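Summary of the model geometry
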Amino acid sequence: MPKFRTLDDAKVKGKRALVRVDLNVPVQDGKVSDATRIERVAGTITELADKGAKVVLLAHFGRPKGKPDAEQSLKPIAEATAQVLGRTVGFASDCVGPDAVRAVAAMKDGDILLLENTRFHAGEEKNDAEFAKKLAECGDLFVNDAFSAAHRAHASTEGLAHLLPAYAGRTMQAELDALEKGLGNPKRPVLAIVGGAKVSTKIDLLSNLVAKVDGLVIGGGMANTFLAAQGVNVGKSLCEHDLAGTAKEIMAAAKKSGCEIVLPVDGVVAREFKAGAASEVVPVDNVPADAMILDVGPRSIEAVKAWIAKADTLVWNGPLGAFEIEPFDKATMAAAKFAAEETKAGRLVSVAGGGDTVAALNQAGVADDFTYVSTAGGAFLEWMEGKELPGVAALAK
Ligand code: AMP
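Rules used throughout
Residues numbered from 1 in each chain as written. Predicted model: local features only at pLDDT ≥ 70, side-chain atom pairs only at ≥ 80, totals over all residues. Heavy atoms only, no water. Buried < 20%, exposed > 50% of the residue type's maximum accessible area, 1.4 Å probe, protein only. Helix = DSSP H or I, 4+ residues; strand = E, 2+ residues; numbered from the N terminus. Arc of directions from axis to C-beta. Pairing = 2+ DSSP bridges. Axes fitted to C-alpha atoms, helices over the stretch in contact; angles between N-to-C directions. Contact = heavy atoms within 4.5 Å. Near = heavy atom within 4 Å. Polar contact = N/O pair within 3.5 Å; in protein donor to acceptor, adjacent residues only side chain to side chain. Areas by Shrake-Rupley, 256 points an atom, 1.4 Å probe, with all protein chains shown as cover. Domains from an automatic or database assignment. Buried area = accessible area lost by both parts, 1.4 Å probe. Salt bridge = Lys/Arg side-chain N within 4 Å of Asp/Glu carboxyl O. Nonpolar A, V, L, I, M, F, W, Y, C, P; charged D, E, K, R; others polar. Parallel < 35°, antiparallel > 145°, perpendicular 65-115°, else oblique. Lys, Arg positive; Asp, Glu negative; His and termini not counted. Phe/Tyr/Trp six-rings, centres within 6.5 Å; stacked < 30°, edge-to-face > 60°. Lys NZ or Arg CZ within 6 Å of the ring centre and 35° of its normal.

For helix α13 (residues 377-384), the full list of buried residues reads Ala379, Phe380, Trp383 and Met384. Looking down the long axis of α13, one finds its buried residues gathered within 135 degrees of arc, a one-sided arrangement. Looking one or two places after α13, you find Gly386, whose phi comes out positive at around 85 degrees.

Structure representation (structure tokens):
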């Protein structure tokens, strides 16, 4: 990963810092119901304000399709941000043009101002050069603290970085440092755990990982596709039979690059996909024709734990089973708890991300014990897929 400038490199006193943040928080009845994303960027905002910058926040909210839409205004989020920061946060009714310019001109050093939703302008998602220039009129420097939006080349995430001196904010910096430890320059052996429902949504991910990691545990519904490709009868399990060829190609690529693929040897099967359904453990070559595999079995869990114990680095995306429903949560919970213990003991660097994975780690009560848990769904996956993130590339020194 190229080196990027951080706030340590920036002289901000008296300057207008345009700071791209992720404030796309859930709102119910006009109130922010989960302020986690605001809390994550609070450190960058207060650091800049305390250093005497005029902090001008840029963010998107919802999908207003390039036109103003009162329902998707950031105004209530300005109030929620003020509450989290315990400071006054001003609001301007546009992110470019006279309203924005006037509001920014009235700021004093240390003030914080949120500009209206960048997606109220079509130029944002098109990364239009003229629109980016208009945004740049309100700043002397650009700080990007929105890793979760970095996979999109938009004016406020990518275009601006070419017009103003650009820096990674503290949240972006923490995310990039963690990802570097996970796959960029990891301590080996590196183990990846990939689970979830389908192979079709994770082909790029699996193909990239087999070339980079030493071990790859495949669990969840997607393991069935790999087992079926090897001639195993998986009964009524979720399985993409048409992807048998892709599964074989991935296994061949793994062999070539010296990556050991770990597939389940036993599974927890049931006839119904519902909580408390009658279930039994069977070897994968003995799945009843009318049953489906909904979790990996105890012998497989032991194999996963043995690999985690052997690894110095773990990257994880996707649950090992249908973890939302008991008793099919056991493998995911056991692996999560074991990885957390290894991390706490200083024996493992553990990086995990993706919506369901974060939910699973929270369910296991271990999200805080991992080295890093990324809440950036799409951006985290694209990073795991080995793709260049335009918002990150634009910050390179
Ligand atoms: P993904 O979004 O691809 O990470 O998939 C996550 C979903 O996969 C979760 O909702 C799990 O319930 C589901 N899942 C995991 N293992 C299985 C399985 N063996 N059969 C069916 N669904 C599964």
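As summarised here, the arrangement of the six strands in space is β11-β10-β9-β15-β16-β17, forming an open sheet in which the pairing is parallel. On the outer flanks of this sheet lie β11 (260-262) and β17 (372-374), each paired with one strand and no other. For this sheet the average axis-to-axis angle between neighbouring strands, irrespective of direction, equals 15 degrees. The pairing of strand β15 (residues 313-317) with strand β16 (residues 349-353) spans four bridges and is parallel. Paired with Leu314 across the two strands is Ser350, which belongs to β16. The strands touched by α13 within the sheet are β15, β16 and β17, with β15 carrying the most contacts at an inclination of about 125 degrees.

Moving on: the site of the ligand. By nearness alone, 13 residues border the ligand, and Ala197, Lys202, Ile293, Glu324 and Asp356 come closest of all. Here an oxygen atom of the ligand and a side-chain polar atom of Glu324 are 2.5 Å apart. In isolation the ligand offers 500 Å² of accessible surface; the protein chains occlude 80% of this area. Among the secondary structure elements, those contributing two or more residues to the shell around the ligand are α8 (220-229) and β14 (292-296).

Further remarks concern the domain arrangement of the chain. Partitioning the chain into domains gives domain 1 (7-170) and domain 2 (177-384). Each partner contributes residues to the interface: domain 1 has five residues there, and domain 2 has nine residues. Of the roughly 570 Å² buried between domain 1 and domain 2, counting both surfaces, carbon and sulfur atoms make up 60%. Here domain 1 is connected to domain 2 by zero salt bridges. Run the count over domain 1 and domain 2 and you get one residue pair in polar contact (both at pLDDT 80 or more). When its residues are assigned to classes, the side of domain 1 that touches domain 2 shows one nonpolar, two polar and two charged.

On to the packing of helix α11 (residues 330-344) against helix α12 (residues 355-364), then. Helix packing geometry: the angle between the two helix axes and the distance between the axes. Axis separation between α11 and α12 bottoms out at 9 Å; the angle between their running directions is 75 degrees. The angle between the axes of α11 and α12 places the two elements in the roughly perpendicular class. In contact with Thr332, Met333, Ala336 and Lys337 of α11, α12 contributes Ala360, Leu361, Gln363 and Ala364.

Here we come to unusual backbone geometry. Going from Arg188 to Pro189, the amide bond is cis rather than trans, its omega being 5 degrees. The topology assignment puts Pro189 in the loop between α6 (170-184) and β9 (190-194). Along the chain, Glu326 connects to Pro327 via a cis peptide bond; the corresponding omega equals 0 degrees. Turning to its location among the elements, Pro327 is positioned in the loop between β15 and α11. The phi dihedral of Asp29 is positive, around 50 degrees, even though this residue is not glycine. Even without a glycine there, the phi angle at Lys65 is positive, about 60 degrees. Here Lys65 shows up in the loop between β4 (54-58) and α2 (75-85).

This part covers the side chain of Asp266. When you line up the elements, Asp266 lands in strand β12 (residues 266-270). Buried within the structure, Asp266 lacks any salt-bridge partner; Arg299 is the closest side chain of opposite charge, at an N-O distance of 4.2 Å. A distance of 2.4 Å separates polar atoms of two side chains, one belonging to Asp266 and the other to Ser300. What Asp266 contacts, discounting residues up to four positions off in sequence, is Val281, Val282, Pro283, Val284, Val296, Gly297, Pro298, Arg299 and Ser300.

Moving on, we get to the sheet that holds strand β13 (residues 279-283). Pairing is antiparallel in the open sheet, where three strands are placed in the order β13-β12-β14. The sheet is open, and its two borders are formed by β13 and β14, each paired with just one other strand. Looking at each pair of strands side by side, their axes are set apart by 40 degrees on average, direction ignored. Of the pairings in the sheet, the one linking β12 to β14 comprises four bridges and is antiparallel in character. What sits directly across from Val268, in β14, is Asp295.

Following the criterion strictly, the structure yields 20 salt bridges and no others. With a closest N to O distance of 2.9 Å, Arg16 and Asp140 form a salt bridge. In this pair, Arg16 is assigned in strand β1 (residues 16-20) and Asp140 in the loop between α5 (129-136) and β7 (141-144), connecting sequence segments 124 residues apart. Assessed through its relative accessible area of 24%, Arg16 is described here as partly exposed. Here Arg347 makes a salt bridge to Glu342, at a shortest N to O gap of 2.9 Å. Beyond isolated ion pairs, a larger network of salt bridges with shared partners links Asp8, Glu47, Lys51 and Arg170.

Let us now look at the packing of aromatic side chains. The tally for this structure, following the rule as stated, stands at two aromatic pairs. Relative to Phe370, the ring of Trp316 has its centre 6.3 Å away and its plane inclined at 45 degrees; by these criteria the two rings are tilted. Here the residue Trp316 occupies a position in strand β15, and Phe370 occupies one in the loop between α12 and β17, the gap between them amounting to 54 residues. Exposure class is identical for Trp316 and Phe370. Each is buried. Arranged with centres 5.4 Å apart and planes meeting at 45 degrees, the rings of Phe380 and Trp383 form a pair that is tilted. Within this pair, Phe380 and its partner Trp383 are both found in helix α13, separated by three residues, close to a single helical turn. Over the face of the ring belonging to Tyr167 we find Arg5, whose NZ or CZ atom lies 5.5 Å from the ring centre.

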